[in-house]
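# A look at the structure
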Amino acid sequence: MATISKAPTAIKVAVIQFPGSNCDTDCQAALASFPGVTAEIVWHKETSLAGYDAIVLPGGFSYGDYLRCGSIARFSPIMGAVRNAASTGVLVLGICNGFQILCEAGLLPGTLMRNRDLLFRCETLHLRVENNESPFTSVLHQGQVLEIPIAHGEGSYFADAETLKALNENNQVLVRYCDASGNVSAAANPNGSLENIAGICSHGRNVFGLMPHPERVCEPILGGTDGRGIFKSMIEWMATHKSNN
Amino acid sequence: MANLPANPSITPELIAKHGLSPEEYEKVLSILGREPSFEELGVFSVMWSEHCSYKNSRPELRKFPTTGPSVLVKAGEENAGVIDIGDGWAVAFKIESHNHPSAVEPFQGAATGVGGIIRDIFTMGARPVFLMDSLRFGSIKGDSEQAKTNRRLFAGVVAGIAHYGNCIGLPTVAGEVYFDDSYNGNPLVNAFCLGILRHEQIARGAAEGIGNPVFYVGAETGRDGLAGAAFASRELTEESKADRPAVQVGDPFREKLLLEACLELLATDCVAGIQDMGAAGLTCSTCETASRGGTGVEIDIQLVPQRAKGQTPYEVLLSESQERMLVIVKKGQEATVKEIFEKWDLPYAEIGKVTDDGMMRVRNGNDVVVNVPARSLADDGPLYSREAAPFTPPAPLDLATVPQTDPLKALPQLLSHPSIASKRWVWRQYDHMVRTGTAVLPGSDAAVFIVREANKILAAATDCNAIYCKLDPSVGSRIAVAECARNLACSGAVPIGVTDNLNFGNPHKPENFYQLRAAVEGISEGCRAFNVPVTGGNVSLYNESPAGAIDPTPTISMVGRIDEVAHITTQAFKQAGDQIFLIGEIGSELGASHYLLAIHGRKEGAPPALVFDKEIAIHHALLGLIRKGFVRSAHDCSEGGLAVTIAESCFGTNFGATVDLGDTQQRPDVVLFNETQGRIVISVSPSDKAAVEAELSKSGVPFRAIGAVTAQADLSITTGASVFAWPVAMLNETFEGAIPSLMES
């Protein structure tokens, strides 16, 4: 299944393919559109992620998600390797279902619940960059407003008060839903997420989960390029990190 | 045959319960030369149902133009037609109904409708790339029990489509939804899927190679969907709720696995034939593959993976459990199947083999329970030419009987009619962006999708104005084809193929059969005029509730090709100052219009006339302008007429428009809301105005400059001495708010 992009490059990203992943090739295509990046699909029954500079858990319905989204995927054989990589500082990006899996796996705090109105919702929304001091947001500006689509039925972020407090104190909330002018308001909250949270990173900053789909806005023909900033940040961080080694 | 179980005995009551007429049963006796077993009776019943055999419609369907230089697989040959799109690439696409199941269990009915059409596409060896849906419900307005039921059906169907399409990861990129009381108790759910493949990847549903093993792959067989094909071939009644077991339960995750596993398997060259188990399940797939291959197939029920214990052979044969396929594997390559299906954690089993005797033979261990010539089931079913009632063309609308209304009020009323209002509430529930190819989002005239692997740009639209079809089925169905083509032209596309879903009432009633015949002839005429083949489709008859038949609804889905990214055109105005042109006439035909229906509560008059030559000239003129880079926006006039069209082009922008339609000596409501065909509103840069006028004059189509896009977000329309003006924000709120406010009430 693995497809390797043509250019031999320094940066190698693994896109994990769970049986019900459906944004795997979309993520692969978005990553491969950056010069110097190789993106490989890695089957969830693999057990090693050695040699990869970053790992992407793409969107989809990993195991059908009839139970709780991501609750079965966390037991996939590959998750041991994801955990190990995360603990050694490798970048791990979870998009949509990938975010849900990271929460279920305990790599990110909190959980994603059914949308407030119980309906699946797919549309382009505004996100405010809350913290650009992370490997995933470094090329963006603090307070920058991004237009990135969501597509989920269970994206309402929830965490207990203590966790929420810690997230805010450590600046782990990287993006919040906002309006076109950057106001984080109740009206701009599509799913009932606490404090309009759209994406959070780990305490160590190297694991990032978000419900919106940056890979869907990486070329003008698809209606925008605001998703590129997140991938570009990762790539620049990896390049620096590699050259420092 | 000594071991044939004889329980229960075959009585006239049992035969009637299986939907077989006494004449059809006589035919069964003469084919077998003996009394059928219980299982055989069931097999004949489903295979000879309208749903599987098209016994009432096949002679009509032969009228469709189905050939052409680009046709790689013709309509009716396989599960879906295949059309060449150049550079060795092809598309497989088809639309199919799941009306009856959705009436009884909207969520699962619609979900499995989507699942079924997706299987039809990957069975062809194509990777599915996008979905569309055409839906019809009774009115969702008001507090009546009927309206509440209709809202429940609408919400359930949309959620079911979302459930299946979103999970399997296919974008639902376009569609249509209409609300009319003729669909009370009998909603329509037509699902479309398109897939992409290389020419050499076309897979066949034939059981080829004597001795080749027959594999069952996919989900285990349960008791769901028992004899669903026969259920679909009856009218819906109050008792239909008891048929709920005839509705299947969908598992999109299993289908995702099945899709990936089958495409991986097909890429290995170990498959001799493949067929999905859809209507009539195991029965249909075995006898159809044998019939196509000119062979026989022998299977053992006991080897079939089963979900429930104690299922009888009859149940296993007639189950319509979802997410299952039959694969004829080249002998010696069985290990490949094992490897791939184990990778994807899917059940599989070798259940039989291809034989040389032309028989569909089903064993239950040592007992033979079915032993029937395969061809007799698949191809030798009964054929009927039903009686068509003579048709009286509708009286033209007498305008004097239509009180004039104030367009100022009528436009917002039209925009809030659920059939015209924004369908965002619907498509926001569908993932319409996955696979990152959606270049034009839902809500424009046609969906535009970029197929990366083939480097092709496709457009697709689906249309049917059933009011037109009710009042004059021939004209209505021609308009359905023309409107689809017009929608494609507005997006910059040239049509390449059509798939149709013929939704009608009971064909035994002569007026219904007339509608079917006239629609097929009208569609055929339209497809010949636009030079596009019909590549397949679906017939759904018996769409009746106790209140009567639905309005005839021959849904047309048309696929087109766009040559260059620069040609992709959308309906929204792009810049203040741009000049607005109407290509086509101002028009005057108010008969069968939505204005008449929504404002005056009348469904009457003659639908607008359609002249193919004029229509085609207009599409060509538009495409010529698009290719020269002149067109900033293009939107066709359909339900609600010119005023609705121009308003819609303002929506989603910060602009307004000032339009003067001149003095046509007609009532303002006629000018603004008539539905004369062959009309397109475009906007162009002021610097291109003269060039556009020159081009349009040269092409000889009627046109006129009618105004300009304005920075002020008001819509102003002048006709004669009357000026009507609305804030766009107010119109947009009405348009966007209509369906959510009904559904959230």
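Every value quoted in this text rests on a predicted model; they were computed, and no experiment measured them.

A separate point is the overall build of chain B. Looking only at helices and strands, chain B has 25 helices and 28 strands in total. Its C-alpha atoms give chain B a radius of gyration of 26 Å, within 12% of the compact-globule value 27 Å for 745 residues. Taking all 745 residues of chain B together, the buried fraction comes to 64%.

With that settled, consider the sheet that holds strand β28 (residues 722-727) of chain B. All names here are of chain B. Within the open sheet, the seven strands sit side by side as β23-β25-β22-β26-β24-β27-β28. Their pairing is mixed. If you trace the sheet from one side to the other, it starts and ends with β23 (631-636) and β28, each paired once. Between one strand axis and the next, the sheet turns by 20° as a mean value, whatever way the strands run. With five bridges joining them, strand β22 (residues 579-583) and strand β25 (residues 680-684) adopt antiparallel strand pairing. When the sheet's bridge partners are listed, I583 is paired in β25 with I680.

Below, the discussion takes up the interface of chain A and chain B. Contacts between the two partners involve 21 residues from chain A and, on the opposite side, 24 residues from chain B. Those elements that provide at least two residues to the side of chain A that touches chain B are α1 (24-32), β6 (121-129) and β7 (145-152) of chain A. Counting residues per element, the side of chain A that touches chain B draws most heavily on β6 of chain A, at three residues. Partitioning the side of chain A that touches chain B into residue classes produces 12 nonpolar, four polar and five charged.

One key point about sheets: their strands pair by backbone hydrogen bonds, in either a parallel or an antiparallel sense. All names here are of chain B. Sheet architecture is open: six strands sit in the order β14-β15-β16-β21-β17-β18, paired in mixed fashion. The open sheet is flanked by β14 (438-440) and β18 (534-540), the only strands paired with a single partner. In this sheet, adjacent strand axes meet at a mean angle of 25° when their direction is disregarded. By the bridge criterion, five bridges tie strand β17 (residues 494-503) to β18 in an arrangement that is parallel.

Once that is clear, we can look at the environment of P382 of chain B. Residues and elements named next belong to chain B. Residue placement: P382 occurs in the loop between α14 (374-378) and α15 (407-415). The sequence separation of P382 and C193 amounts to 189 residues, and the corresponding C-alpha distance is 30 Å. In contact with P382, not counting residues within four places along its chain, are E24, K27, W48 and K55.

Bringing the confidence of the model for chain A into the picture now. Summarising the model, chain A shows a mean pLDDT of 94, and 95% of its residues fall at 70 or more. Contacts of residues 1-9 of chain A to residues separated by more than four positions or lying in other chains number 15 contacts, the stretch itself having pLDDT below 50.

Moving on: unusual backbone geometry. The backbone of R205 of chain A shows a phi angle near 75°, a positive value even though the residue is not glycine. You can see R205 of chain A is positioned in the loop between β10 (197-201) and β11 (207-210). Judged by C-beta crowding, with 20 C-beta atoms within 10 Å, R205 of chain A ranks as buried. The backbone phi angle of D345 of chain B is positive, close to 55°, even though this residue is not glycine. Residue position: D345 of chain B is located in the loop between α13 (334-343) and β11 (348-355).

Turning our attention to the domain arrangement of chain B. Splitting chain B by domain gives domain 1 (1-62 + 204-380) and domain 2 (396-433 + 569-745). For domain 1 of chain B and domain 2 of chain B, the distance between their C-alpha centres works out to 50 Å.

For the rest of this paragraph, the subject is the pairing of strand β13 (residues 367-373) of chain B. As a general feature of sheets, a regular strand has side chains that alternate between the two faces. Residues and elements named next belong to chain B. The pairing of strand β12 (residues 359-364) with β13 spans six bridges and is classified as antiparallel. Directly across from N364, in β13, lies its bridge partner D367. Between β12 and β13, which follow one another and run antiparallel, lie two residues, and G365 among them has a positive phi close to 65°.

Across chain B, pLDDT averages 94, with 97% of residues at or above 70. Scored by ipTM, the complex comes to 0.94, with pTM at 0.95.

What counts as what
- Residue positions within a chain follow its written sequence, with the count starting from 1.
- A letter from A marks each chain and a number from 1 marks each ligand, given out in the order of writing.
- pLDDT decides what is reported in this predicted model: residues at 70 or higher carry local features, side-chain atom pairs at 80 or more are listed and counted, and totals for whole chains, interfaces and linings draw on all residues regardless.
- The numbering of helices and of strands both runs from the N terminus, where a helix is a DSSP run of H or I of at least 4 residues and a strand a run of E of at least 2.
- Throughout, radius of gyration means the C-alpha value; the globule benchmark is 2.2 Å times the number of residues raised to the power 0.38.
- With C-beta atoms placed from the backbone, a residue is labelled by how many other C-beta atoms lie within 10 Å of its own: buried for 20 or more, exposed for 12 or fewer, partly exposed between the two.
- One requirement defines pairing of two strands: DSSP has to find at least two bridges between them.
- Working convention: axes come from line fits to C-alpha atoms, limited for helices to the stretch in contact. Angles between N-to-C directions cover 0 to 180 degrees.
- Here contacts are defined at the residue level, using C-beta atoms placed from the backbone and a cut-off of 7 Å between them.
- Polar here means any residue outside two lists: the nonpolar Ala, Val, Leu, Ile, Met, Phe, Trp, Tyr, Cys and Pro, and the charged Asp, Glu, Lys and Arg; Gly therefore counts as polar.
- The quantity called pLDDT is the predictor's confidence in a given residue, expressed from 0 to 100.
- Source of the domain bounds: an automatic or database domain assignment.

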